[in-house]
Amino acid sequence: MTLKDQIDTNKVPRHVAVIMDGNGRWAKKRGLFRTKGHENGAKAVKQVVEACGEIKIPYLTLYAFSTENWNRPKIEVELLMTLLISSLKKELKNLQKNDIRLMAIGNINELPNKVLKELLEVIDKTKNNKQLTLTLALSYGSRQEIIKTIQEISLKVKNNLISPENIDDSLINNHLYTQNLPDVDLLIRTSGEQRVSNFLLWQIAYAEMYFTETLWPDFNKEDLFEAVLNYQNRERRFGKTSEQLN
Ligand code: IPE
Ligand code: IPE
Ligand code: MG
């Protein structure tokens, strides 16, 4: 039986989030510029998006560029932005064909104009697609997102639009960039690092974590299926006892 056949299609994670890490090391191992790692990382994105479509995962969120990544050498940042523009241009056709909706989370106004324009265009053109919601985290930092949320809510309290007692889970959710997304069920990080790096801190409260040594450009459909199978073999107790669940 293939890995894919072993997946229980009634129990797939609703929301998978991925910290796509290891592009630089992948390139270094081959004596290539980091650029090449990012280019091959884009190919892995295609694989994972297709795999999610095949097993009907409805939400996929990819950490593509963090707030902290702005501190990388200017040349690398520029290259990543250029790669983003070309990928958006190239993939629009496939997104439409496969009924995939593109969304973005993060402080996207910080992106160069050319990137922002392309991004907003693809988001708009795919807004009625339904099979999979693919969200790119761009110029994203979870603490910054939480700060923004607190500022917006404080302002509403100050203006007497809400009172502090109204602040609950759902109100906070509604002010996050991820307001239209369900909580993360499965968080994957490649390249052997076992940290969250300022990604979706609120949204992963009860996510299952999956770490793999595989470097992002090598990550393929089979790796995604393996992660989902691993997830399906876990018991999510949400604070309860095992007996209570059965
Ligand atoms: C992930 O790969 C891509 C981005 C953060 C944009 P890295 O570029 O972080 O690769 P490593 O961690 O240096 O190998
Ligand atoms: C996290 O990877 C950000 C993305 C994958 C876009 P980094 O490579 O930037 O994370 P750290 O700095 O090693 O934690
Ligand atoms: Mg890295």
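Coordinates for the structure precede this section.
Reading the values: rules and limits
- Residues numbered from 1 in each chain as written.
- Chains lettered and ligands numbered in written order.
- Predicted model: local features only at pLDDT ≥ 70, side-chain atom pairs only at ≥ 80, totals over all residues.
- Heavy atoms only, no water.
- Phe/Tyr/Trp six-rings, centres within 6.5 Å; stacked < 30°, edge-to-face > 60°.
- Helix = DSSP H or I, 4+ residues; strand = E, 2+ residues; numbered from the N terminus.
- Buried < 20%, exposed > 50% of the residue type's maximum accessible area, 1.4 Å probe, protein only.
- Lys NZ or Arg CZ within 6 Å of the ring centre and 35° of its normal.
- Near = heavy atom within 4 Å.
- Polar contact = N/O pair within 3.5 Å; in protein donor to acceptor, adjacent residues only side chain to side chain.
- 1 Å grid on protein atoms, 1.4 Å probe; cavity = no way out; pocket = protein on both sides within 12 Å on 5 of 7 lines; lining within 4 Å.
- Sits in = over half its atoms within 2 Å of the grid points.
- Nonpolar A, V, L, I, M, F, W, Y, C, P; charged D, E, K, R; others polar.

(A) Region of the structure containing the packing of aromatic side chains. Counted by the stated rule, this structure contains seven aromatic pairs. Aromatic side chains Tyr63 and Tyr140 sit 6.0 Å apart centroid to centroid with 85° between the ring planes, which places their arrangement in the edge-to-face category. With Tyr63 in strand E2 (residues 59–66) and Tyr140 in strand E4 (residues 132–140), the pair connects residues that are 77 residues apart, well separated along the chain. We classify Tyr140 as buried; its relative accessible area is 0%. Their ring planes at 20° and their centres at 5.2 Å tell us that Trp216 and Phe219 sit as a pair that is stacked. A relative accessible area of 2% places Phe219 in the buried class. Clustering of aromatic rings is evident, with ring pairs tying together Tyr63, Tyr140, Tyr177 and Phe199. In this structure, Lys148 packs its charged tip against the face of Tyr177, placed 4.9 Å from the ring centre.

(B) Representation of the site of ligand 2 in the model. All residues adjacent to ligand 2 are Ile19, Met20, Asp21, Tyr63, Ala64, Phe65, Asn69, Arg72, Arg189, Arg195 and Ser197. In the environment of ligand 2, an oxygen atom lies 2.9 Å from a nitrogen or oxygen atom belonging to the side chain of Asn69. The separation between an oxygen atom of ligand 2 and a polar side-chain atom of Arg189 is 3.3 Å. Here ligand 2 occupies the largest pocket. A total of three residues in the shell around ligand 2 trace back to one element, the largest contributor, which is E2. For the shell around ligand 2, the per-class residue count stands at five nonpolar, two polar and four charged.

(C) Structural detail: unusual backbone geometry. Not every positive phi belongs to a glycine, and Ser139 is a case in point at roughly 50°. Locating Ser139 in the fold gives a position in strand E4. Look at Ser139 and you get buried, because its relative accessible area is 3%. Residue Ser191 is not a glycine yet carries a positive backbone phi of 80°. Position of Ser191 among the secondary structure elements: in the loop between strand E5 (186–189) and strand E6 (208–211).

(D) View of the environment of Gln244. Mapped onto the secondary structure, Gln244 falls in helix H9 (residues 242–245). When its relative accessible area of 51% is taken as the criterion, Gln244 is described as exposed. Between the C-alpha atom of Gln244 and that of Arg72, which follows or precedes it by 172 residues, the distance is 49 Å.

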